[in-house]
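Structural description and commentary
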Amino acid sequence: MPSAIAHGNVARVNNSEHPTHPWAGLAVLAAGLALIVMDGTIVSVAQPVIIQDLDLTLTDAQWINSLYSVVFAALLLGMGRLGDRLGRRHLFVAGIAVFVIGSLLAANSDAAAPLIWARVVQGVGGALILPSTLSTVNAVFRGKDRAMAFGVWGAVMAGAAAIGPLLGGWLTSSFAWEWIFLINVPLGLILFIAAFFLVPNTRGRAGGRGLDVDGLQLSVIGLGAFVFAVIEGSDLGWWVPQQDFTVFGLTWSMDKPVSIIPIFLLIGAISMTLFIIWERHRARIGRSAMLDLALFKIPTF
């Protein structure tokens, strides 16, 4: 995704893979985007039924609802860069496969732990899919068509987020909560096959030597901490603890003088500061960087 918003010559369609049906390819990409965006909102409506059926605690329900978005957001930057190098269609189909596997695991979960880990797998799949859709749209379309394609992409993202709760409520009340995940399986299989025929494989520029592993780690920690704080701030308390917070058997209790949220915000701020310093260093020595900071010099960006 980093190259999706850079100069027009950054992302090109491979010479051997000029798209013959670009709008059909956009339909496939938009459907994949809708699938992962809906999954970020579809669980909230079904959660009371899931809590009762699996006998979940409040902490379990909290992780099931938020972990997908946290993992999704934390990995976006790194997965976008990976798509620039390996090919965005490759990442798109890999993301669909991972997302379908996560959906199957979620639908077959009989306790909190399997469902939580299934949501992690879904989050990884979502992070593979989203940046590959945006970067491919940027690489394939030009001129007025690009503006229209970006409009479709944005409309699908907004619409899918709104449809998620409605679809989740209907599936849960008409069938069972497992269907909020099972519905992803046939749709995912169709998109997996269609992508090979309709979506061209594009790449971005190399951008220097080596892999920016340290930049990836810092971006994951920083973005993950920030997103978690934003999602859970209202429930856990922005400054004063509103409830206990438990992770990996460790509990940040309500008796603490400050909520866990400022801690996560501090971790995020430190990590992202180090990330920016590290990215500038990588660019200065001619090594590949996770994010091209020169983008921020472009007024439109």
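Heads up: the structure comes first, above all this text.
Residues numbered from 1 in each chain as written. Predicted model: local features only at pLDDT ≥ 70, side-chain atom pairs only at ≥ 80, totals over all residues. Heavy atoms only, no water.

All right, on to the overall build of the protein then. For the protein, the helix and strand inventory stands at nine helices and four strands. Helices and strands appear in the protein in the N-to-C order β-α-α-α-α-α-α-α-β-α-β-β-α. Against the compact-globule benchmark of 19 Å for 301 residues, the protein has a radius of gyration of 20 Å, which places it among compact chains. Principal-axis analysis of the C-alpha atoms gives the protein an extent of 55 × 45 × 30 Å. Split into buried and exposed, the 301 residues of the protein put 49% on the buried side. A separation threshold of at least 6 residues defines the contact pool for the protein, and within that pool the share at least 24 residues apart is 79%. Split by element, the accessible area of the protein, about 14200 Å² in all, is 69% carbon and sulfur. Each charge sign in the protein was given a centre, from 18 positive and 17 negative side chains, and these centres are 22 Å apart. (Helix = DSSP H or I, 4+ residues; strand = E, 2+ residues; numbered from the N terminus. Rg over C-alpha atoms; globule rule 2.2 N^0.38 Å. Buried < 20%, exposed > 50% of the residue type's maximum accessible area, 1.4 Å probe, protein only. Contact = heavy atoms within 4.5 Å. Areas by Shrake-Rupley, 256 points an atom, 1.4 Å probe, with all protein chains shown as cover. Lys, Arg positive; Asp, Glu negative; His and termini not counted. Charge placed at Lys NZ, Arg CZ, Asp CG, Glu CD.)

Each pair of packed helices can be summarised by the angle the axes make with each other and by the distance between the axes. One can describe the packing of helix 4 (residues 112-140) onto helix 5 (residues 143-174) by two numbers: an axis separation of 9 Å at closest approach and a directional angle of 160°. With respect to each other, helix 4 and helix 5 are oriented roughly antiparallel. Here the hand of the crossing between helix 4 and helix 5 comes out right-handed. Here helix 4 contributes Leu130, Thr133, Leu134, Val137 and Asn138 to the contact with helix 5, which in turn contributes Arg146, Ala149, Phe150, Trp153 and Met157. Looking at the contact of helix 4 with helix 5 residue by residue, the classes come out as seven nonpolar, two polar and one charged. (Axes fitted to C-alpha atoms, helices over the stretch in contact; angles between N-to-C directions. Parallel < 35°, antiparallel > 145°, perpendicular 65-115°, else oblique. Left-handed = near helix turned anticlockwise from the far one by under 90°. Nonpolar A, V, L, I, M, F, W, Y, C, P; charged D, E, K, R; others polar.)

What follows covers the nonpolar core. By size, the foremost hydrophobic cluster in this structure holds 65 residues, and its most contacted members are Ile36, Ile50, Phe92, Ile180 and Phe181. No other element matches the 14 residues that helix 1 (residues 22-54) contributes to this core. Setting aside anything within four residues of it in sequence, one finds phenylalanine 181 in contact with Asp39, Val43, Ser103, Ala106, Ala107, Leu115, Arg119 and Gln122. (Core = buried A, V, L, I, M, F, W, Y, C linked by side-chain atoms within 4.5 Å.)

Attention now goes to unusual backbone geometry. Although it is not a glycine, aspartate 55 adopts a positive phi angle of roughly 55°. Take aspartate 55: it is sitting in the loop between helix 1 and helix 2 (58-86).

This paragraph deals with a nonpolar patch on the surface. Where nonpolar side chains cluster on the molecular surface, the patch consists of Phe226, Val230, Trp238, Trp239, Val240 and Leu265 and spans about 610 Å² of accessible area. Of note, tryptophan 239 is situated in the loop between helix 8 (213-236) and strand 3 (245-247). (Patch = residues over 30% accessible without salt bridge, like charges linked within 9 Å, V, L, I, M, F, W, Y side chains within 5 Å. Salt bridge = Lys/Arg side-chain N within 4 Å of Asp/Glu carboxyl O.)

As a further point, take the pattern of salt bridges. Throughout the structure, instances matching the rule amount to three salt bridges. Of the charged contacts in the structure, one is a salt bridge between aspartate 84 and arginine 81, with a shortest N-O distance of 3.5 Å. With aspartate 84 and arginine 81 both in helix 2 and three residues apart, this pair spans about one turn of that helix. For the pair formed by aspartate 84 and arginine 81, the shared burial category is buried. For aspartate 84, the salt bridge is made with arginine 88, and the minimal N-O distance between the two is 2.8 Å.

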